[in-house]
Structure formats: structure tokens, C-alpha cells
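These are the residues of each chain, in order.
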Amino acid sequence: MIFLRTKEVLPVEVRRLTRMALLTAIALAIFVAEAQLPAPVPIYGVKLGLANIVTVWAVFLLGPADAAMILLARVVLGCLATGQMMALLFSLGGGALCLLVSIPLSRVLTRKQMWVCSVAGAVAHNIGQILVAVAVTRTPELVVYLPVLLVSGIITGLFTGLCAQLLAGRLEFLLRLK
Amino acid sequence: MRSTRFWVLAVAGLLAASLLAAVLVYTSSPGGTVAEIVLDGEVIRTIDLETAQAETFVVQGESGTNTVQVEPGRIRVQCADCPDQVCVHQGWISDGTVPIVCLPNRLVIRITGGSHPGLDGVAG
């Protein structure tokens, strides 16, 4: 991380862009690595969602605009990289609803409550996914998957949220790029 | 700012409610023996599993194919050319609890009691 030690002062926008690019690359690497793991349960949409550690962290420490751009770039590039273009639709629907819930929530939570934001985001993501699936297949019966997705979403959301919380104190140097 | 205790209770409550709903979905077994093959929202074929003969047929979806296998009393997707293979891993279904879904090909196989959709009581 030599560039962090430079004495040169970079323009604010360059710093911001660099930080977002770095976080997108981290999230993308996590996303692609996770996609290589076999599905734990034969239900579409059940996964760990480790890349959302970055999303939660960004929502809390960088603000809504940066978090949304990192998420959008990661989702589009991630689906291109894993070749699952169908998943793009679900990830966009889920991701949009997730941000819609977690951004206002992050304002009323303390740094020690980041996991709540992550759980709520995961739940919103699952609901968004199901809504897209119902719209795409025109099969309202797919709602029966929601409780199962919610159980998995709450547990994995808790895990990724706690990860983001633990990382929050250790990634201060990224904020100094402000 | 709510206390952490509040949020712990809220999340625990939500988890309990979801678990209960999930258990209800999987333990209730709505009757029905008529399998409907739904492609892109339209029923393309119905098979009464009670009187069905063993057969295999291919469904051509928008972005790929699914090979559906029927045996007396049960139905499954035998193989598919979608990337995730979720529908194949789900295996045989024989009642209306959970439909088989192949999202990439927009294929749904659900079992109903015929004219009454079996899941309405749960989903509605």
C-alpha cells in the first residue's frame, strides 16, 4: 500500500474514485470466489453473500452514493464474470431494495449495531429477489420460498454484518483517503 | 438510537417468525396429483401423476432446455442446461409443497389438485 504513504495531496475526487475502485475490486474478488462454492441448499438465492461485507461497510462509513455505486459496479461485473446473466436481474432487484432499507437504517444505528443494518439489508434483498422471480415467471406461488430465504438471509446477514463491524475499526486508513 | 437489546429482540423475533413459516410451508402437504408444467407463466402441459405413465420429455425454454422425467406419482427435472442446476438438485416432487423452479429457463413445475391451486392457502 505504498500509495497511502505518499505526501502528495490528490484531488478529493481522485481519492474518492480510487477508494471506490479498490472496494469494488475487493467485493468482486469475494463475490467471484464465493460463486465457485457449490450451492449449500437446492434453493435459488440461498448463499453466504460475503461480498456484502463491503456493502455494509460502505453504507456506514462512505455514505449512500458511494455504497450504491460500489454495489452496482460489483453486481454488474460479478454477473459478467460468473456468466449468470439471469442472476443480474435478481441481484439488481434485491440490491435496490437492500439499499432502500439499509441507508435510512444506517442513520439511526451506532457503529456497534452495524449487524442490524446487514440483517435488514439481507431480508430486503430476499424480498426483492422473490418479487423479481414472481414477476419474471408470473408464478405467485414462489412466495413459499420466502420464509426459507429469510431464515438463511437473517443468519448470513448477521455473519456478514458482524464481519463488517469487526473490520470497521481496522480500515480507518481507507477513510483517510477522503 | 435504539438500544442493542431492542435490535437483538427484533431480529430474534423475525428469525423465529421466518422459521415458523418455513416449517409450516414444508410440513403442510397440500393434496393434489396434477402436475402443471408452466413455461414463462403459461401452462403448457398438465399431467395427472396418479394415472401417468413413465415418460421423459424435453421443454424448450427461452434460454435453454430442461428434460422432465415423469414416473407414476412423482416428477422431476432430470437434466437441464442452465448454469446453476438448482432444479435438477431439487429432485423428485410428489405433492404441492414446493414447486420446482428453473429461473433461467422460466420453467415452473407445480402440483395442484387440478382446478384448485394447492398453495394458495399457504402463500395467500
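Residues numbered from 1 in each chain as written. Chains lettered and ligands numbered in written order. Predicted model: local features only at pLDDT ≥ 70, side-chain atom pairs only at ≥ 80, totals over all residues. Heavy atoms only, no water.

A few points about the overall build of chain A
Line of reasoning, step 1. Secondary structure summary: chain A contains seven helices and zero strands in total.
Line of reasoning, step 2. Overall, chain A shows an N-to-C arrangement of helices and strands of α-α-α-α-α-α-α.
Line of reasoning, step 3. Over its C-alpha trace chain A gives a radius of gyration of 17 Å, about what one expects of a compact globule, namely 16 Å for 178 residues.
Line of reasoning, step 4. Principal-axis analysis of the C-alpha atoms places the extent of chain A at approximately 60 × 35 × 25 Å.
Line of reasoning, step 5. If you take every contact in chain A between residues at least 6 apart in sequence, the share linking residues at least 24 apart comes to 71%.
Line of reasoning, step 6. Accessible surface, chain A as shown: approximately 8600 Å² in total, 72% of it carbon and sulfur. (Helix = DSSP H or I, 4+ residues; strand = E, 2+ residues; numbered from the N terminus. Rg over C-alpha atoms; globule rule 2.2 N^0.38 Å. Contact = heavy atoms within 4.5 Å. Areas by Shrake-Rupley, 256 points an atom, 1.4 Å probe, with all protein chains shown as cover.)

Points about the pairing of strand β1 (residues 34–39) of chain B
All names here are of chain B.
Line of reasoning, step 1. A large share of β1 lies buried, amounting to six of its six residues.
Line of reasoning, step 2. With burial as the criterion, each face of β1 is covered, one bearing Val-34, Glu-36 and Val-38 and the other bearing Ala-35, Ile-37 and Leu-39.
Line of reasoning, step 3. As consecutive antiparallel partners, β1 and strand β2 (residues 42–48) are separated by two residues, and within that stretch Asp-40 has a phi angle of approximately 55°, a positive value.
Line of reasoning, step 4. Two strands pair when backbone bridges link them, and β1 and strand β7 (residues 107–112) are joined in this way by six bridges, in the antiparallel orientation. When the sheet's bridge partners are listed, Glu-36 is paired in β7 with Arg-110. (Buried < 20%, exposed > 50% of the residue type's maximum accessible area, 1.4 Å probe, protein only. Pairing = 2+ DSSP bridges.)

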